[in-house]
Amino acid sequence: SGLRRRGFPPSAIRLFCERMGISKTDSNIDFGILEDCAREKLDEGSPRAFAILDPLKVTITNWAGSTVEDFEVPRHPKRDEMGVRTVPFGKSLYIERSDFFDLDGPEGQRNGGKSPKGFKRLLPDGKVRLKYAYVISCDEVVRDPTTSEPVELKCTVYPETRAGVTPDGEARVKGIVQWVEASTATRCKVMQYDRLFKAEEPGKESDNFLDDINADSLKVIDGVVVEPSVAMDALGMMAKIRSRDSDAGDMLCHSDLTYQFERSGYFALDSSSSVDEFIFNRVVTLRDTWAALGSENNQRIRSKGKGENDGRTGKKRGGGGGQTKPLEDIRRVALRAGTILEARQHPEADSLIVCKVDVGDVDETGTPSPRTVVAGLAQLDFDALTNRKVVVLANLKPAKMRGIESHAMLLAASDDKDTVELVDVPDSVPNGELLSFEGKELGEPDAMLKSKGALKVWDRVKAKLRVNGSGEAMYTEEDSTVRLINSSAGPVTVSSLTDCPIG
């Protein structure tokens, strides 16, 4: 019930159980794996919203009176079916205090009058873009007479920069910050949960687990401001709960209403919320802030392709206390069997095709959920692609290709004559099966190869993939050891090409 109230989706707990499996030995599981599962599911299903945890008032001096302008912005950047939300813009706004660096104030003095390295947000006399809206410049800082801390920024808006436009002849403003319009904002409380213990194994060093309690495991933040769509959704959810009006007939919980508060984390409505006060619990941060703080072994577990901290992680196996080596690259990529269900020409690119591919994914009801894959394979016969069992790289970061987002990659071989052939999997192999490399344990792939460092994992693997003289896909290690790529029904192959690279 604690996980439910905090906002962990049931699908995330099921995913965690699937990834961990069953072991006959005692073992410690890195808590970050559960957090990764929550991030993955919340990222898929949570609408986005602006929430300012530490508000700093901004007054637009050249804005006309109490006029409010509405911006229609997507609820989710990857799911058009979730619709749009209305974000008002007006004369008075709030931005995060951390998005303004006060060069002339106490923090500037502590930093030698210089902004932090890489800081691209708002500075005195500087410019920043308000996401989805306008560019503003900071003209004046109003300070607290006692502490000299900024309490208000007086700024100028540039109407010609509306909705991401950069006027001709002007430099693009690099910094982008979130904001909430003051007159339509709703105040709420945030319960900012963090890990209960500072140590990977509480009490291991001192024999007293109380010594490892994290004093900052809960921070209660009052005065958080959120955009009006959040308040409307919260009121709607509470009304449904009171009336037990659920389209699916299932029990509703307050925590079913989740958000990604942009740049802050994933949050869920708490059951103690009322029409007079909304309370949101932080489910998990956007990225794992603990990975770099743990032991060497914990860093190994958390670093499996996870520069963005959303990759597949492992578990610390029971027994000896020695350090385990990092996973090899070939065990971090998810090469899976998949079936092409349909293929068609990309509407805006003659060289691209758009496929629907079943790689074993299912939704919460158990219904197959095929992925959209965009590939540069327009020279292949579309009819011959349908129902073909192929090798799919399933854990690459989604990428838009001429307006259509691709959620996987089809492996293909090509020779110096530009002949291209897909890498085939035996028909008896089930969709979603994780392929293995001859002589190696089954992989523990990252959930997603997302960061720059993780993407290099695939680059290194791809550079060593080839087709041998028998048409079998293989991987050649640094010491020239050759490993075939195998399925449960034998090696994966191409139809006619030999001795050529795979990519």
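Residues numbered from 1 in each chain as written. Predicted model: local features only at pLDDT ≥ 70, side-chain atom pairs only at ≥ 80, totals over all residues. Heavy atoms only, no water.

Chemist: Got a minute to help me understand unusual backbone geometry in this structure?
Modeler: Note on backbone geometry: most residues besides glycine have negative phi, and most peptide bonds are trans. Despite not being glycine, Tyr132 shows a phi value in the positive range, around 70°. Backbone geometry places Ala163, a non-glycine residue, at a positive phi of 55°. Note that Ala163 resides in the loop between β9 (150-158) and β10 (176-177). Given a relative accessible area of 47%, Ala163 falls into the partly exposed group. (Helix = DSSP H or I, 4+ residues; strand = E, 2+ residues; numbered from the N terminus. Buried < 20%, exposed > 50% of the residue type's maximum accessible area, 1.4 Å probe, protein only.)

Chemist: I'm lost on the environment of Thr186 in this one. Help?
Modeler: Along the chain, the position of Thr186 falls in strand β12 (residues 186-193). Put simply, Thr186 and Tyr158 are 28 residues apart on the chain and 26 Å apart in space, counted from C-alpha to C-alpha. In contact with Thr186, other than residues within four places in its own chain, are Val224, Val225, Val226, Ala231 and Phe278. (Contact = heavy atoms within 4.5 Å.)

Chemist: What should I look at first to understand a negative patch on the surface in this one?
Modeler: A contiguous patch of negative charge, built from Asp104, Asp125, Asp139 and Glu140, is present on the exposed surface. In this fold, Asp139 is placed in strand β8 (residues 135-143). (Patch = residues over 30% accessible without salt bridge, like charges linked within 9 Å, V, L, I, M, F, W, Y side chains within 5 Å. Areas by Shrake-Rupley, 256 points an atom, 1.4 Å probe, with all protein chains shown as cover. Salt bridge = Lys/Arg side-chain N within 4 Å of Asp/Glu carboxyl O. Lys, Arg positive; Asp, Glu negative; His and termini not counted. Charge placed at Lys NZ, Arg CZ, Asp CG, Glu CD.)

Chemist: Can you help me understand helix α8 (residues 452-462) in this one?
Modeler: Helical geometry note: an α-helix holds 3.6 residues per turn, so side chains three or four residues apart project in the same direction. Looking at α8, one finds that the buried residues are Ala454, Val457, Trp458 and Val461. Down the axis of α8, the sector holding all buried residues measures 90°, keeping them to one side. Summarising the contacts, the buried residues of α8 are in contact with β17 (335-345), β20 (389-393), β23 (409-410), β27 (465-467) and β28 (473-476). (Arc of directions from axis to C-beta.)

Chemist: Can you help me understand empty space enclosed by the protein in this one?
Modeler: To find the voids left in a structure, one rolls a probe of water-molecule size over its atoms. Inspection of the entire model under this criterion finds two cavities of 30 Å³ or more. Of the pockets and cavities examined, the second largest cavity occupies roughly 60 Å³. As for the second largest cavity, its lining consists of Ile330, Arg331, Val333, Leu434, Leu435, Ser436, Phe437, Lys440, Glu441, Leu442 and Gly443. For the lining of the second largest cavity, the per-class residue count stands at six nonpolar, two polar and three charged. (1 Å grid on protein atoms, 1.4 Å probe; cavity = no way out; pocket = protein on both sides within 12 Å on 5 of 7 lines; lining within 4 Å. Points joined across faces, edges and corners; volume = space filled by probe spheres on them. Nonpolar A, V, L, I, M, F, W, Y, C, P; charged D, E, K, R; others polar.)

Chemist: Which parts of the structure should I look at to understand the pairing of strand β6 (residues 92-96)?
Modeler: Side-chain direction in a regular strand flips from residue to residue, so the side chains alternate between the two faces of the sheet. With four of five residues buried, β6 is to be regarded as a mostly interior element. Across five bridges, the pairing between strand β3 (residues 55-60) and β6 is antiparallel. Residue pairing across strands places Lys57 opposite Tyr94, the latter belonging to β6. By the bridge criterion, two bridges tie β6 to strand β11 (residues 180-181) in an arrangement that is antiparallel. (Pairing = 2+ DSSP bridges.)

Chemist: I'm lost on helix α5 (residues 228-243) in this one. Help?
Modeler: For α5, with 16 residues, the first-to-last C-alpha span of 23 Å sits near the 22 Å given by 1.5 Å per residue. Among the residues making up α5, those that are buried are Ser229, Val230, Ala231, Ala234, Met237, Met238 and Ile241. Within two residues after α5, Arg244 carries a phi angle of roughly 55°, on the positive side. (Expected span 1.5 Å × (residues − 1).)

Chemist: I keep staring at the sheet that holds strand β7 (residues 127-130) and nothing clicks. Help me out?
Modeler: Pairing between sheet strands relies on hydrogen bonds along the backbone, with the strands arranged either parallel or antiparallel. Spatially, β10-β7-β8-β9-β3-β6-β11 is the arrangement adopted by the seven strands of the open sheet, whose pairing is mixed. In the strand order of this sheet, the two ends are held by β10 and β11, each with one partner.

Chemist: Would you mind going over a nonpolar patch on the surface with me for this structure?
Modeler: Together, Leu196, Phe209, Leu210 and Ile213 make up an exposed nonpolar region whose accessible area comes to about 370 Å². Note that Leu210 resides in the loop between β12 and β13 (218-226).

Chemist: For this particular structure, what's the right way to read the side chain of Arg282?
Modeler: If you trace the backbone, Arg282 turns up in strand β16 (residues 278-284). Exposure remark for Arg282: the relative accessible area of 9% places this residue in the buried category.

Chemist: Help me out: how do you make sense of the pairing of β12 in this one?
Modeler: Burial analysis of β12 places six of its eight residues in the buried class, the great majority of the element. For β12 and β13, the ladder comprises seven bridges, and the chain directions are antiparallel. Pairing of Val190 across the sheet is with Ile221, part of β13. Alignment of β12 against β16, held across four bridges, turns out to be parallel. Across the sheet, Met191 pairs through a bridge with Asn281, a residue of β16.

Chemist: Explanation requested: the packing of helix α2 (residues 10-20) against helix α3 (residues 31-45) in the structure shown.
Modeler: Axes are the key here: two packed helices are described by the angle between their axes and the distance separating the axes. Put simply, α2 and α3 touch, their axes get as near as 8 Å, and they point 130° apart. Here α2 is positioned oblique relative to α3, judged by the angle of their axes. Classified by chirality, the crossing of α3 by α2 is right-handed. Residues Ser11, Ala12, Leu15, Phe16, Arg19 and Met20 of α2 form the contact with α3, whose own contacting residues are Ile33, Leu34, Cys37, Ala38, Glu40 and Lys41. Residues belonging to the contact of α2 with α3 are distributed by class as follows: eight nonpolar, one polar and three charged. (Axes fitted to C-alpha atoms, helices over the stretch in contact; angles between N-to-C directions. Parallel < 35°, antiparallel > 145°, perpendicular 65-115°, else oblique. Left-handed = near helix turned anticlockwise from the far one by under 90°.)

Scope: geometric values only; no functional claims are made or implied.
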